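Structure assessment
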Amino acid sequence: MRRLLFKSFVQGLLTEPAPAIDDAALAELAARVNQASHKRLGRALSIREVDAGSCNGCELEIHALGNVLYDLERFGLRFVASPRHADVLLVTGPVTVNMREALERTYLATPDPKWVIAAGDCARDGGVFAGSHACVGGVSRVLPVDLHIRGCPPSPVVLLKGLLALLESVAA
Amino acid sequence: MASLNWPRSIVRREDWERAAVRLQAGELSLFGLWGEPRHAHMAVMERETNACTVLSVACDGNRFPSVGRLHPPAIRPERAIRDLVGLEPEGLPDTRAWLRHDGSYQFLPAQGESLHQIPVGPVHAGIIEPGHFRFTANGETIVRLEERLGYTHKGVDSLMVGASTERAAALAGRISGDSTVAFSLTFAQALEAALEIEIPPRAVWLRALLAELERLANHFGDIGAICNDAAFAILHAQFGLLREQVLRTADACFGHRLMMDRVVPGGLLCDLPGDGERRLRTLIAQVRKDLPDLIEVYDNTASLKDRTVGTGILSPALARQFAAGGFIGRASGRNFDARRTPGYAPYDRLKFEVPVVQAGDVNARVWIRIREIEQSLALVEQILTQLPSGSFRTPVAIKVETGVREGVALVEGFRGDILAWIRVGPEERIERAHLRDPSWFQWPLLEAAVEGNIVADFPLCNKSFNCSYSGHDL
């Protein structure tokens, strides 16, 4: 243990510089973010992740945002355990019929002001599962979506660019 | 080399029932049970000889004799068949809907003094997949856990019907995102067995390379997450870093961090690039350098071992009865690995050990993963050394018009053995396909393993199992 701690100490910080903010995401958000809410939140956002039937690929990459190289929390962004503590719902998956009600209830449990991000191609339009009898197909069919992040799955850098754009728009 | 196919026989009801009796007696292991309109199918393996077969029974009046009546591992698959195909397993002890969620759901009652229920999910506290756990507890102690799954049911089996091989392969790669390589590989092998396609040797070896990288990434992630659930953050950070390094190397070599859609019918989407071998050898060297210190910390931190040793014990008898695959089975004495039995290329030409222990607790499942990481590191090196040259892909087409073809494959993913059964019709359209995730026979065992543990240890038990929701829910 001592050796590991010493090694961590001498090797210095592994965390990488922040990526540039995604312009397309900024443009999408500009139309949606309410000016009135800016001052209320400062530069911190709490995120509740909701898997609405994804294959788990998106969750793996969202998880990676917390590793030492991306270190999401340095930006004031953190994942919280309850929608009641959240400002943002980060939703993945093609919204299965079986998850629809849980997603709606999670949204209703989230206090205003709140934003919804649809992460991944399934959350955008159902992805490869579009047209299935078991999927609603796309988060925007169930909730108002403020930002779409593309990818199958979106990489941590792509996710981070989108989240930073939201932070920028909200805290501008 | 073409994959070995499993024979399928259409049996009479009596023979189907006899197979159920033999499953109950432990002479056969159940590898899958699924349906289509008018037929039910099951894949079984003889315990003694390891002979694999698929049995099919015609369902007159949409009914067939329940296997779950005698062999509990078949109950959830039969509930799914009722939901998805509308066939009625006669004598099925539990006829509640499973994957189709409509109306209210009656959890089974637990009786006794001072019991209370704790409902958890489908939206969990962490960044994980959705499912519902209904705990009945006495104080802190879990008396009973009942799982309710199906929240991520996407209708994969029905989307497969009529799909082109390309579309079906894309679906297969998204049944469980953490096992995308293993699922794509299982699908491709089953399709190639059906169409009798021989893929180039280089593709066979590269596929194994991708599969071992996927195993490494997931095992790193799992060990870190288990330590995190014991509130031991430093190993979570360190193992998370190792996982990230594997994913970045995969991205640099194959253009996708999870290597999604890289294994395709006929071979691979792309070849290993010129600097690929150097990158992979650098990765292996780095991991070999960092890993021993981490294992030492895991093994010598009393507060951490206090949480994992003796927690969530799965008995070898249950692991055997359910034919539990992967680290769950191997941590509870079940010596099975699909790379060995029935086995597939190129593993017949690679040296590796299959670690097995008897303890069956969280600690055992951590140690199996550690040993498998060591094996996978050695396998990647062997593959790089022996990698044949030549092409990495061959066209997929039926050589002669032979009508309907079928194929079966069993592949060892990081979580255990994945079964694929495919029937291909004219113009290489999928007529029917079923892919069975290892979690089908692991989820029920979690209910047994947590009994008598404290509620606070459930995340630890659950993470050490790490069953797939999406893979199970299809």
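Residues numbered from 1 in each chain as written. Chains lettered and ligands numbered in written order. Predicted model: local features only at pLDDT ≥ 70, side-chain atom pairs only at ≥ 80, totals over all residues.

**Considerations on the sheet that holds strand 14 (residues 430–436) of chain B**
Residues and elements named next belong to chain B. Ordered by their spatial adjacency, 3 strands build an open sheet running 12-13-14, and the pairing between neighbours is antiparallel. For this open sheet the edge positions go to strand 12 (405–412) and strand 14, each flanked by a neighbour on one side alone. Adjacent strand axes in the sheet meet at a mean angle of 10 degrees when their direction is disregarded. Where strand 13 (residues 417–424) lies against strand 14, 6 bridges are found, and the strand directions are antiparallel. Counterpart to Leu419 in the pairing with strand 14 is Arg436. (Pairing = 2+ DSSP bridges. Helix = DSSP H or I, 4+ residues; strand = E, 2+ residues; numbered from the N terminus. Axes fitted to C-alpha atoms, helices over the stretch in contact; angles between N-to-C directions.)

**A short note on the confidence of the model for chain B**
Residue-level pLDDT values for chain B average 94, and 98% of them are 70 or greater. The complex prediction reports pTM at 0.95, with the ipTM value standing at 0.94. (pLDDT = per-residue confidence, 0-100.)

**As for the packing of helix 8 (residues 276–300) of chain B against helix 13 (residues 362–386) of chain B**
Residues and elements named next belong to chain B. Taken N-terminus to C-terminus, the directions of helix 8 and helix 13 make an angle of 160 degrees; their axes are 11 Å apart at the nearest point. One way to sum up the angle between helix 8 and helix 13 is to call them roughly antiparallel. Remark: the crossing between helix 8 and helix 13 carries left-handed chirality. Along the contact surface, helix 8 presents Glu277, Leu280, Arg281, Ile284, Val287, Arg288 and Ile295, while helix 13 presents Ile370, Leu377, Val380, Glu381 and Leu384. Residues that form the contact of helix 8 with helix 13 fall into these classes: 8 nonpolar, no polar and 4 charged. (Parallel < 35°, antiparallel > 145°, perpendicular 65-115°, else oblique. Left-handed = near helix turned anticlockwise from the far one by under 90°. Contact = placed C-beta atoms within 7 Å. Nonpolar A, V, L, I, M, F, W, Y, C, P; charged D, E, K, R; others polar.)

**Structural notes on the pairing of strand 4 (residues 52–58) of chain B**
All names here are of chain B. The pairing of strand 1 (residues 8–11) with strand 4 spans 4 bridges and is parallel. Bridged to Arg8 within strand 4 is Val54. Bridge count between strand 3 (residues 39–46) and strand 4: 7 bridges; the pairing is antiparallel. From the neighbouring strand, Met45 faces strand 4, where its bridge partner is Cys52. Taking the residues between adjacent antiparallel strands as the criterion, strand 3 and strand 4 are bridged by 5 residues, where Asn50 takes a positive phi near 65 degrees.

**Focus: the interface of chain B and chain A**
Tallying the contact residues gives 37 residues for chain B and 37 residues for chain A. For the side of chain B that touches chain A, the elements supplying multiple residues, two or more each, are helix 3 (156–160), helix 4 (165–172), helix 7 (233–254) and helix 8 of chain B. For the side of chain B that touches chain A, the leading source of residues is helix 7 of chain B, giving 5 residues. In terms of residue class, the side of chain B that touches chain A is built from 17 nonpolar, 13 polar and 7 charged.

**Quick word on the nonpolar core**
Counting residues in hydrophobic clusters, the biggest one holds 195 residues, and the most contacted among them are Val91, Ile117 and Leu166 of chain A together with Val44, Phe187, Ala190 and Ala420 of chain B. Looking at this core, the element that brings in the most residues is helix 6 (residues 201–229) of chain B, giving 16 residues. (Core = buried A, V, L, I, M, F, W, Y, C linked by C-beta atoms within 7 Å. Buried ≥ 20, exposed ≤ 12 C-beta atoms within 10 Å, placed from the backbone.)

**Side note on helix 4 (residues 57–64) of chain A**
The α-helix advances 3.6 residues per turn, and as a result positions three or four apart in sequence lie on the same side. With 8 of its 8 residues buried, helix 4 of chain A lies for the most part within the structure. Taken together, the buried positions of helix 4 of chain A are occupied by Gly57, Cys58, Glu59, Leu60, Glu61, Ile62, His63 and Ala64 of chain A.

**Some remarks on the sheet that holds strand 1 of chain B**
Residues and elements named next belong to chain B. Taken in spatial order, the 4 strands of this open sheet run 1-4-3-2, and their pairing is mixed. Looking along the sheet, the strands with just one partner apiece sit at the ends: strand 1 and strand 2 (28–36). With strand direction ignored, the average angle separating the axes of adjacent strands in the sheet is 25 degrees.

**A look at helix 7 of chain B**
Look at helix 7 of chain B: 31 Å from first C-alpha to last across 22 residues, which is about the 32 Å you get at 1.5 Å a residue. One or two steps after helix 7 of chain B, the chain reaches Gly255 of chain B, where phi turns positive at roughly 80 degrees. (Expected span 1.5 Å × (residues − 1).)

**Details of the environment of Glu427 of chain B**
Within the secondary structure layout, Glu427 of chain B lies in the loop between strand 13 and strand 14. In this structure the C-alpha to C-alpha distance between Glu427 of chain B and Ala250 of chain B, which are 177 residues apart in sequence, comes to 34 Å.

**Remarks on the pairing of strand 13 of chain B**
Residues and elements named next belong to chain B. Within strand 13, 8 of the 8 residues are buried, leaving the element largely enclosed by the surrounding structure. Neither face of strand 13 is open: one carries Asp417, Leu419, Trp421 and Arg423, the other Ile418, Ala420, Ile422 and Val424, and all of them are buried. Sheet analysis places strand 12 next to strand 13, joined by 8 bridges and oriented antiparallel. Pairing of Arg405 across the sheet is with Val424, part of strand 13.

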